[in-house]
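Notes for the structure review
Residues per chain, in single letters:
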Amino acid sequence: MSTIALSKNCSYDRIMRLFGSMWFFLLALCVAIKIGASPADSWPSLLSGFCLGIFYMLLALLIMTRAPAKAHADGLLPRIAAFVGSYLPWSISFLGRTDETLPNLASTACVLVGTIMMLVTIRHLGRSFSLVPQARSVVQTGPYRWIKHPLYLAEEIVVLGVVLQYLTPVTVIVLVLHVCIQICRILYEEDLLRRNFPEYSSYEASRWRVVPYVW
């Protein structure tokens, strides 16, 4: 890689790291403000909001501390898919929340499960974390022993939890679109890892992508 190309990649990585971390810190702040402004809300709603705020903080910290990438996905489409996949689902927080007990309880469960899964995954993923498909390392410990993309699964469970908080036909459409975009991100990421880490081919041949015995 030329010096100019390397400099561009480093500058791009710094900008995206700053933008991404600030975005999720802002979301965490908004959740905290909502919790403080509505202390009389039901406990499932408050607990779900608290867990979502923790989830945002974790993402912000991960983006800030991630290791430099060894390679980036080529082209504009992988980056568009990454940005839309990373930021689209959280935009539903601008819509009206449901007051029904059952969706809020289900939302709390999803956010808790997704956050715990994320914490477990991060313990093994370490700093090999990114929004745009990037090659850092091939992690094969922890949940990566069974599926190739546990972090995507954890994120999708949290997104489902957020959709349940704001349950409308519009948010269901957003969820379906997000799942489709995440599939594209997974395929882009696998192609990048396959091209940069020879050991990845043997690893992926013996693992399910997201859900065992399904895909």
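Preceding this section is the structure that the text describes.
The rules we used
Residues numbered from 1 in each chain as written. Predicted model: local features only at pLDDT ≥ 70, side-chain atom pairs only at ≥ 80, totals over all residues. Heavy atoms only, no water. Axes fitted to C-alpha atoms, helices over the stretch in contact; angles between N-to-C directions. Helix = DSSP H or I, 4+ residues; strand = E, 2+ residues; numbered from the N terminus. Parallel < 35°, antiparallel > 145°, perpendicular 65-115°, else oblique. Left-handed = near helix turned anticlockwise from the far one by under 90°. Contact = heavy atoms within 4.5 Å. Nonpolar A, V, L, I, M, F, W, Y, C, P; charged D, E, K, R; others polar. Salt bridge = Lys/Arg side-chain N within 4 Å of Asp/Glu carboxyl O. Buried < 20%, exposed > 50% of the residue type's maximum accessible area, 1.4 Å probe, protein only. Phe/Tyr/Trp six-rings, centres within 6.5 Å; stacked < 30°, edge-to-face > 60°.

Interaxial distance between helix H3 (residues 77-87) and helix H6 (residues 169-196) falls to 9 Å at its minimum, and their mutual angle equals 140 degrees. By the angle between their axes, H3 is oblique relative to H6. Judged by the twist between their axes, the crossing of H3 over H6 is left-handed. Contacts from Leu77, Pro78, Ala81, Ala82, Val84, Gly85 and Ser86 in H3 reach His178, Ile181, Gln182, Arg185 and Tyr188 in H6. Counted by class, the contact of H3 with H6 contains seven nonpolar, four polar and one charged residues.

Right, let's get into the pattern of salt bridges. Applying the stated criterion across every chain, the model contains four salt bridges. Across the pair Arg195 and Asp191 runs a salt bridge, and its minimum N-O distance is 3.1 Å. Of this pair, Arg195 and Asp191 both sit in helix H6, four residues apart, roughly one helical turn. Arg195 sits in the partly exposed class, given a relative accessible area of 47%. Connected through shared salt-bridge partners, Lys148, Glu190, Arg194 and Arg209 make up one network.

Put simply, helix H2 (residues 43-65) and helix H4 (residues 101-125) touch, their axes get as near as 9 Å, and they point 25 degrees apart. If you check the angle between H2 and H4, you find them roughly parallel. Relative to H4, the crossing made by H2 is left-handed. Where H2 abuts H4, its residues Trp43, Pro44, Ser45, Leu47, Ser48, Cys51, Leu52, Phe55, Leu58, Leu59 and Leu62 lie against Asn104, Leu105, Ser107, Thr108, Val111, Leu112, Thr115, Met118, Leu119 and Ile122. Per-class residue counts for the contact of H2 with H4 are 15 nonpolar, six polar and no charged.

Looking now at the packing of aromatic side chains. Summed over the entire model, instances satisfying the criterion amount to three aromatic pairs. Considering the side-chain rings of Trp208 and Tyr213, the 5.6 Å spacing of their centres and the 45 degrees angle between planes classify their relative orientation as tilted. Residue classification places Trp208 among the partly exposed positions, given a relative accessible area of 36%. Accessibility expressed as a relative area gives 72% for Tyr213, which makes it exposed. Three or more aromatic residues joined by ring pairs make a cluster, and in this case those are Phe24, Phe55 and Tyr56.

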